[in-house]
Amino acid sequence: MGITEKESKVILIITSCFYPNQVITDFDSRIDSLENRINRYIYTIKKINFEIFDNVYFIDNSEYSFKDFPLLSSMLDKKNIRKVKFKPSEISFSKGKGFQECEMINYILEKYNEDINFFKLTGTIPLVNIKYLIGLFKKKFKNKEFQIFTTYLSNLERKLDSRFFYTNKKTWESFYLNYQKFISDKNNFYLEHALYIFCRMRKIKVNLFYPKVGKKVFYQGNGNKFATSRINYFLNKLKFK
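The structure reproduced in this document is the subject of the present report. (Residues numbered from 1 in each chain as written. Predicted model: local features only at pLDDT ≥ 70, side-chain atom pairs only at ≥ 80, totals over all residues. Heavy atoms only, no water.)

### Points about the overall build of the chain
Here is step 1: Tallying secondary structure elements over the chain gives 8 helices and 11 strands in all.
Here is step 2: In the chain, buried positions account for 52% of the 241 residues.
Here is step 3: The contacts of the chain with a sequence gap of at least 6 include a subset with a gap of at least 24, amounting to 75%.
Here is step 4: For the chain, the exposed surface amounts to about 12,400 Å²; the carbon and sulfur share of it is 50%. (Helix = DSSP H or I, 4+ residues; strand = E, 2+ residues; numbered from the N terminus. Buried < 20%, exposed > 50% of the residue type's maximum accessible area, 1.4 Å probe, protein only. Contact = heavy atoms within 4.5 Å. Areas by Shrake-Rupley, 256 points an atom, 1.4 Å probe, with all protein chains shown as cover.)

### Some thoughts on helix α5 (residues 130-140)
Here is step 1: Taken together, the buried positions of α5 are Ile-130, Leu-133, Ile-134 and Phe-137. One side of α5 carries all its buried residues, which in axial view fall inside an arc of 100°. Opposite the buried face of α5, by more than 90 degrees, sit the exposed residues Lys-131, Tyr-132 and Lys-139.
Here is step 2: Where α5 is buried, its residues touch β1 (10-16), β4 (117-122), β5 (147-150) and β8 (164-168). (Arc of directions from axis to C-beta.)

### Re the nonpolar core
Here is step 1: Core analysis: the biggest nonpolar cluster contains 34 residues, and Phe-58, Leu-72 and Phe-119 have the highest contact counts within it.
Here is step 2: Only β1, α1 (34-47), β2 (55-60), α2 (70-78), β4, α5 and β8 provide two or more residues apiece to this core.
Here is step 3: Setting aside residues no more than four positions away along its own chain, Leu-72 makes contact with Phe-18, Ile-38, Tyr-41, Ile-42, Ile-45 and Phe-58.
Here is step 4: Counting 33 residues, the second largest nonpolar core, distinct from the first, contains Phe-99, Ile-116, Leu-191 and Tyr-196. (Core = buried A, V, L, I, M, F, W, Y, C linked by side-chain atoms within 4.5 Å.)

### Side note on unusual backbone geometry
Most of the time, phi is negative for any residue but glycine, and the peptide bond is trans.
Here is step 1: Positive phi values are uncommon outside glycine, yet Asn-80 reaches one of about 60°.
Here is step 2: Assignment of secondary structure puts Asn-80 in the loop between α2 and β3 (82-85).
Here is step 3: Positive phi, normally seen in glycine, also occurs at Asn-188, with a value near 60°.
Here is step 4: Classification of Asn-188 as exposed rests on a relative accessible area of 52%.

### Observations regarding the pattern of salt bridges
Here is step 1: The final tally for this structure, using the stated rule, is 6 salt bridges.
Here is step 2: The residue Lys-97 makes a salt bridge to Glu-101 at a minimum N-O spacing of 4.0 Å. Of the two residues, Lys-97 and Glu-101 both sit in helix α4 (residues 97-109), 4 residues apart, roughly one turn of that helix.
Here is step 3: For Glu-101, a relative accessible area of 9% translates into the label buried.
Here is step 4: A salt bridge links Arg-163 to Asp-161, with the shortest nitrogen-to-oxygen separation between them at 2.8 Å. (Salt bridge = Lys/Arg side-chain N within 4 Å of Asp/Glu carboxyl O.)

Have a look at this one:
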């Protein structure tokens, strides 16, 4: 069952997996305690300005319930963020983490029309400049166009950053109908690779933005620190102008 929703202009989709379980993902996760992971979600909710969005969704696909984490749950309620529990499909058991993220996004967008714009945010890494970014996107983004805003694009690695991106349902729908099926963590073909191939093959306009996260240290699912560099960002941006 999908989500019945009236049309909005811009929505935020925060994707979450409270604690990855190898039963439902083949992604090689290297994360620390469940408590630390929940604290990262709480920190993200504290740092982001949600008033700029028409609707905000926090969607989780783990085996845990929101009631297992009362502080996070109450904070989401206080911020008027819609809590969504999602059960991945049977096929995603073999496809892995990236495929499941696509399913989560598809579920939220199901009842919106193709002109809806959305920002996808990885829940453990907040963007403190998100208000500025949304203003920038609104100026540059035309709903009738196929385009995507992301933080990183590499022809060498053939990937596009899937941790944070902004696009519309029209563009996303073209992606998931034709390219989502190729995602396979076991074959080292992740969501970021599928998005890259999609943009190249369909000649989708890609715009880069800088992900400002502040001074706090954040870790990705593979255990590596998430690091940003303005120099690397501008060099990367110059390549794809």
